[in-house]
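Structure at a glance
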Amino acid sequence: MSARMAELIAERRVAPSILSADFARLGAQIDEVMDAGARVIHFDVMDGRFVPPITIGPLVLSSIAEPIHSAGGVLDVHLMIAEPDRHIEAFAEAGADSITFHEEATPHANRTLAAIRELGCLAGIAINPGTPAETLTEVGGLADLVLCMTVNPGWGGQSFIAGSPDKVARLAQVAGDARIEVDGGIDVGTAASVADAGASLFVAGSAVFGADDPAAAYADIAAAAKAV
């Protein structure tokens, strides 16, 4: 499905993050945002080491992959974990269409990017707010996605870091042909600023699933970002 993923992210997209969904109603909530137009579903993985919380893994991914793919969607997996090389195969087998890992989590980013592509997924690399954009100078051109954390990773619902648009603009200078993704504090008030700076994939968690009407919230953020 990486070809479908590449096709979808060629245009601006909002990617609802199920980290903020009601897991008792996960399937229904995914259906709700996909019915509203979402096609990229963001899947956050945390291991209790790289970031303090522990979230979800390949078993949950495999349970939602088939219905998302059948509806024309794709799964954007974000590994906030130590030693990502050890786990990418399991996520690829579970149905990931793209896999993004953190530059700070491995000394071998080139190798990890290549390994993800060999598994048939688009390859992404993420950086934390404290990591300079220029860190990706040597590998930006090898990635399909470059993810700029616009909050410190680990928890949903944090406030957007004000300097993030400037950092996105700097990332655009080193990202090569990679699409720039932003994650953290994205809502109707912040999406336009990072879109203007060069971002084209907008992860929104609590702003979507924390709203009374997730479908309407998704549509409002997409409009603010001028996304399809």
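Below or above, wherever it landed, is the structure these notes cover.

A word on the overall build of the chain
Assigned secondary structure in the chain consists of nine helices and eight strands. The C-alpha atoms of the chain give a radius of gyration of 16 Å, which matches the 17 Å a tight globule of 228 residues would have. Projecting the C-alpha coordinates of the chain onto the three principal axes gives extents of approximately 40 × 35 × 35 Å. The buried share of the chain, reckoned over its 228 residues, is 54%.

So, the pairing of strand β7 (residues 179-183)
Most of β7 is tucked away, with four of its five residues classed as buried. Relative to β7, strand β6 (residues 145-149) runs parallel, the two sharing five bridges. Bridge pairing links Cys-148 to Val-182 in β7. Handedness of the crossover joining β6 and β7 through helix α6 (residues 164-172): right-handed. Bridging between β7 and strand β8 (residues 201-204) involves three bridges; their strand directions are parallel. Paired with Asp-183 across the two strands is Val-203, which belongs to β8. After leaving β7, the chain enters helix α7 (residues 191-197) and then returns to the sheet as β8, a path that is right-handed.

Concerning the nonpolar core
Among the nonpolar cores identified, the biggest contains 63 residues, and Ile-18, Phe-43, Val-77, Ile-99, Ile-125, Leu-171 and Phe-202 are the most heavily contacted of them. For Leu-171, the residues in contact, after removing those within four places along its chain, are Ile-127, Ala-133, Leu-136, Val-146, Cys-148 and Ile-180.

Overview of the pattern of salt bridges
Applying the stated criterion to the full structure yields six salt bridges. Across the pair Arg-4 and Glu-7 runs a salt bridge whose closest N-O atoms are separated by 3.5 Å. In this pair, Arg-4 and Glu-7 are both assigned in helix α1 (residues 2-8), three residues apart and thus about one turn of the helix distant. Using a relative accessible area of 26% as the deciding quantity, one classes Arg-4 as partly exposed. Salt-bridge contacts for Glu-11 lead to Arg-13; the nearest nitrogen and oxygen are separated by 3.6 Å. When its relative accessible area of 41% is taken as the criterion, Glu-11 is described as partly exposed. In the salt-bridge network here, residues are joined through shared partners; they are Arg-49, Glu-83 and Arg-86.

Re helix α2 (residues 26-35)
Residues Leu-26, Gln-29, Ile-30, Val-33 and Met-34 constitute the buried set of α2. Along the axis of α2, the buried positions cluster into a sector of 135 degrees, meaning they face one direction only. Its buried side turned inward, α2 meets β1 (13-16), β2 (40-46), α3 (58-70), α8 (206-209) and α9 (214-225). Of the residues flanking the end of α2, it is Gly-37, one or two places downstream, whose phi is positive at about 120 degrees.

Observations regarding helix α5 (residues 109-118)
Inspection of α5 places Ala-109, Thr-112, Leu-113 and Ile-116 among the buried residues, and these make up the whole buried set. Along the axis of α5, the buried positions cluster into a sector of 100 degrees, meaning they face one direction only. Opposite its buried face, α5 presents the exposed residues Arg-111 and Glu-118, each directed more than 90 degrees away. Summarising the contacts, the buried residues of α5 are in contact with α4 (88-94), β4 (98-102) and β5 (122-127). Two residues or fewer past α5, Gly-120 is found with a positive phi of approximately 90 degrees.

Looking at the layout of surface pockets
For the largest pocket, the calculated volume is near 270 Å³. As for the largest pocket, its lining consists of 25 residues, and the residues nearest its centre are Gly-156, Gly-157, Asp-183, Gly-184 and Gly-185. Looking at the lining of the largest pocket, the elements with two or more residues in it are β2, β3 (74-80), β8 and α8.

Topic: the environment of Asp-44
Positionally, Asp-44 belongs in strand β2. A relative accessible area of 3% places Asp-44 in the buried class. Each C-alpha atom of the pair Asp-44 and Thr-55 lies 7.5 Å from the other, and the pair is 11 residues apart in sequence. Dropping the residues within four chain positions of it, Asp-44 is found in contact with Ser-17, Leu-19, Thr-55, Ile-56, His-78, Met-80 and Asp-183. For Asp-44, the side chain forms a polar contact with the side chain of His-42, separated by 3.0 Å. A polar atom in the side chain of Asp-44 sits 3.1 Å from the side chain of His-78.

Criteria and cut-off values
Residues numbered from 1 in each chain as written. Predicted model: local features only at pLDDT ≥ 70, side-chain atom pairs only at ≥ 80, totals over all residues. Heavy atoms only, no water. Helix = DSSP H or I, 4+ residues; strand = E, 2+ residues; numbered from the N terminus. Rg over C-alpha atoms; globule rule 2.2 N^0.38 Å. Buried < 20%, exposed > 50% of the residue type's maximum accessible area, 1.4 Å probe, protein only. Pairing = 2+ DSSP bridges. Right-handed = clockwise from strand over helix to strand, strands pointing away. Core = buried A, V, L, I, M, F, W, Y, C linked by side-chain atoms within 4.5 Å. Contact = heavy atoms within 4.5 Å. Salt bridge = Lys/Arg side-chain N within 4 Å of Asp/Glu carboxyl O. Arc of directions from axis to C-beta. 1 Å grid on protein atoms, 1.4 Å probe; cavity = no way out; pocket = protein on both sides within 12 Å on 5 of 7 lines; lining within 4 Å. Points joined across faces, edges and corners; volume = space filled by probe spheres on them. Polar contact = N/O pair within 3.5 Å; in protein donor to acceptor, adjacent residues only side chain to side chain.

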